[in-house]
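Single-letter residue listing:
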Amino acid sequence: MMVVHSSKYPPSGERGAGFGFAHDNYDVINPLISIKEANERIINIIQIESKIGLDNVEKIASLDGVDCLWVGHFDLTNFLGVPGDFNSNIYKDAIKRIVSAAKSFNKSLGIMVNSKEELRTYKQLGFNMIAVGTEMNILKQGVSNILKL
């Protein structure tokens, strides 16, 4: 997969080299050490959010260098023809397929949730990288709680 190949420095991939910038905390260190460490640390999270992604999820999960399958849940429902219907059997079957692919190839699973109920549901399915809401919703809730009298 081109994403994996493009994320790694040679000889593992074809990522361009540039060192001593923000991603290196502006430290000047031996570039050969940076390359080796980066190639070991880089995590590739591949988002499954379309029918094409779902149709190829087993192939994607089988690739060396893919570390996590991230579900773009709302977009996935859109592309499956059931916009926002997370109780749809079509969506639930898609989630089962993604979970199965990740487990078969020992990949992490990621998703964003908006409630404790969703957190429990996806955690029970095996998701281990779970984002909780968006920063704007968290900020809005915090401000709303302060303004409540």
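Residues numbered from 1 in each chain as written. Predicted model: local features only at pLDDT ≥ 70, side-chain atom pairs only at ≥ 80, totals over all residues. Heavy atoms only, no water.

A.B. asks: I would appreciate a short explanation of the overall build of the chain in the present structure.
C.D. replies: Along its length, the chain carries eight helices and four strands. The order of α-helices and β-strands along the chain, N terminus first, is α-α-β-α-α-β-α-α-β-α-β-α. In terms of overall dimensions, the chain is more spread out than a globule: its C-alpha atoms have a radius of gyration of 19 Å, far above the 15 Å expected for 149 residues. For the chain, the C-alpha atoms occupy an extent of roughly 55 × 45 × 25 Å along the three principal directions. Per-residue burial for the chain yields a buried fraction of 32% across its 149 residues. Contacts in the chain between residues far apart in sequence, at least 24 positions, make up 47% of those at least 6 positions apart. On the chain, roughly 9,800 Å² of surface is accessible, and the fraction owed to carbon and sulfur atoms is 57%. For the chain, the centre of its 16 positive side-chain charges and the centre of its 16 negative side-chain charges are spaced 7 Å apart. (Helix = DSSP H or I, 4+ residues; strand = E, 2+ residues; numbered from the N terminus. Rg over C-alpha atoms; globule rule 2.2 N^0.38 Å. Buried < 20%, exposed > 50% of the residue type's maximum accessible area, 1.4 Å probe, protein only. Contact = heavy atoms within 4.5 Å. Areas by Shrake-Rupley, 256 points an atom, 1.4 Å probe, with all protein chains shown as cover. Lys, Arg positive; Asp, Glu negative; His and termini not counted. Charge placed at Lys NZ, Arg CZ, Asp CG, Glu CD.)

A.B. asks: Mind showing me how you'd approach the nonpolar core here?
C.D. replies: Nonpolar side chains in soluble globular proteins generally cluster together in the buried interior. Leu69, Val71, Ile98 and Phe127 are the most contacted members of the largest nonpolar core, which totals 25 residues. Going through the elements one at a time, strand E1 (45-48), helix H4 (57-62), strand E2 (68-71), helix H6 (89-104) and strand E3 (108-113) are the ones with two or more residues in this core. Of all the elements, H6 adds the most residues to this core, at seven residues. The residues touching Ile98, leaving out its near neighbours within four places in the chain, are Ile48, Leu54, Val57, Leu69, Val71, Leu76 and Leu109. (Core = buried A, V, L, I, M, F, W, Y, C linked by side-chain atoms within 4.5 Å.)

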